[in-house]
Amino acid sequence: MTSMEKRLQKELQAMTKDPPAGVSVNTNSLSSSLSEWIVDIEGAPSTLYEGERFQLGFKFTSRYPFDSPQVMFIGPNIPVHPHVYSNGHICLSILTEDWSPALSVQSVCLSIVSMLSSCKEKKLPPDNAIYVRTCSKDPKKTRWWYHDNSV
């Protein structure tokens, strides 16, 4: 078992034993190497997304946890949010330049739930149409500009 697989096995155990509220790993979706996960997220109570269900796709390279996972919303329900593009890409610094090996699937999920929960208005990013038309399929290849910490 590789070090990536050991780490992911440990994280999977933690996520299934004691998951954050509204977050669960779709264990039927796990690849045999644990390199791809689907995580189900439910909008937190008393927020704009209360009762809505979303899915996050996680892809891990063999360099995980030293390299961040690729994380994006997948499936038919992508949240309308100022930091989430209609193709599922998420503008969140911990997914790229602020990644640390101390972070985990659980901490990423908590950050995304928090980002959704603090949203005051459902709207797409202002550059959504251009970005979706011209971006790479891999959100990790995007050079994000982090200029809005209010959402």
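Basis of the calculations
Residues numbered from 1 in each chain as written. Predicted model: local features only at pLDDT ≥ 70, side-chain atom pairs only at ≥ 80, totals over all residues. Heavy atoms only, no water. Helix = DSSP H or I, 4+ residues; strand = E, 2+ residues; numbered from the N terminus. Rg over C-alpha atoms; globule rule 2.2 N^0.38 Å. Buried < 20%, exposed > 50% of the residue type's maximum accessible area, 1.4 Å probe, protein only. Contact = heavy atoms within 4.5 Å. Lys, Arg positive; Asp, Glu negative; His and termini not counted. Charge placed at Lys NZ, Arg CZ, Asp CG, Glu CD. Core = buried A, V, L, I, M, F, W, Y, C linked by side-chain atoms within 4.5 Å. Expected span 1.5 Å × (residues − 1). Arc of directions from axis to C-beta. Pairing = 2+ DSSP bridges. Axes fitted to C-alpha atoms, helices over the stretch in contact; angles between N-to-C directions.

- As named in an unreviewed UniProt entry, the chain is N-terminal E2 ubiquitin-conjugating enzyme, taken from Elysia crispata.

1. So, the overall build of the chain
Then, number 1: Along its length, the chain carries 3 helices and 4 strands.
Then, number 2: Overall, the chain shows an N-to-C arrangement of helices and strands of α-β-β-β-β-α-α.
Then, number 3: The C-alpha atoms of the chain give 15 Å as radius of gyration, which agrees with the globular expectation for 151 residues (15 Å, within 12%).
Then, number 4: Evaluated residue by residue, the chain yields a buried proportion of 42% over its 151 residues.
Then, number 5: A separation threshold of at least 6 residues defines the contact pool for the chain, and within that pool the share at least 24 residues apart is 59%.
Then, number 6: In the chain, 15 side chains carry a positive charge and 15 a negative one; their mean positions are 5 Å apart.

2. A few points about the environment of Gly51
Then, number 1: Residue position: Gly51 is located in the loop between strand E2 (36–42) and strand E3 (53–59).
Then, number 2: Its relative accessible area of 47% is what places Gly51 among the partly exposed residues.
Then, number 3: Separated by 29 residues in the primary sequence, Gly51 and Gly22 place their C-alpha atoms 9.6 Å from one another.
Then, number 4: Excluding residues within four positions of it along the chain, Gly51 makes contact with Glu42 and Gly43.

3. Some remarks on the nonpolar core
Then, number 1: With 34 residues, the main nonpolar core has Trp37, Val39, Leu56, Phe58 and Ile112 as its most contacted residues.
Then, number 2: Mapped by element, the contributors of at least two residues to this core are helix H1 (3–17), strand E1 (23–25), E2, E3, strand E4 (70–74) and helix H2 (105–117).
Then, number 3: Ignoring anything within four residues of it in the chain, the contact list for Leu56 reads Trp37, Ile38, Val39, Ile41, Val71, Met72, Phe73, Ile74, Ile90, Cys109 and Ile112.

4. Some words on the side chain of Ser104
Then, number 1: Its place among the elements puts Ser104 in the loop between E4 and H2.
Then, number 2: Every residue in contact with Ser104, bar those within four places of it in the chain, is listed here: Arg7, Glu11, Tyr64 and Trp99.

5. Looking at H1
Then, number 1: Across its 15 residues, H1 extends 21 Å between first and last C-alpha, which sits within 8% of the 21 Å expected from 1.5 Å per residue.
Then, number 2: Every buried residue belonging to H1 is among Met4, Leu8, Glu11, Leu12 and Met15, and all of these are buried. End-on view of H1: buried residues confined to an arc of 105 degrees, all on one side of the axis. Along H1, exposed side chains directed more than 90 degrees from the buried face belong to Ser3, Lys6, Lys10, Gln13 and Lys17.
Then, number 3: Looking at the buried side of H1, the elements it contacts are E1, E2 and H2.

6. A short note on the sheet that holds E3
Then, number 1: Ordered in space as E1-E2-E3-E4, the 4 strands form an open sheet in which the pairing is antiparallel. Pairing within the sheet leaves two strands with one partner each, and these edge strands are E1 and E4. Across the sheet, the axes of successive neighbouring strands diverge by a mean angle of 25 degrees, strand direction being ignored.
Then, number 2: Examined bridge by bridge, E1 and E2 share 3 bridges and lie antiparallel to one another. Considered in E2, the bridge of Val25 is made with Val39.
Then, number 3: Where H2 meets the sheet, it contacts E1, E2, E3 and E4, and its direction lies at approximately 145 degrees from that of E3.

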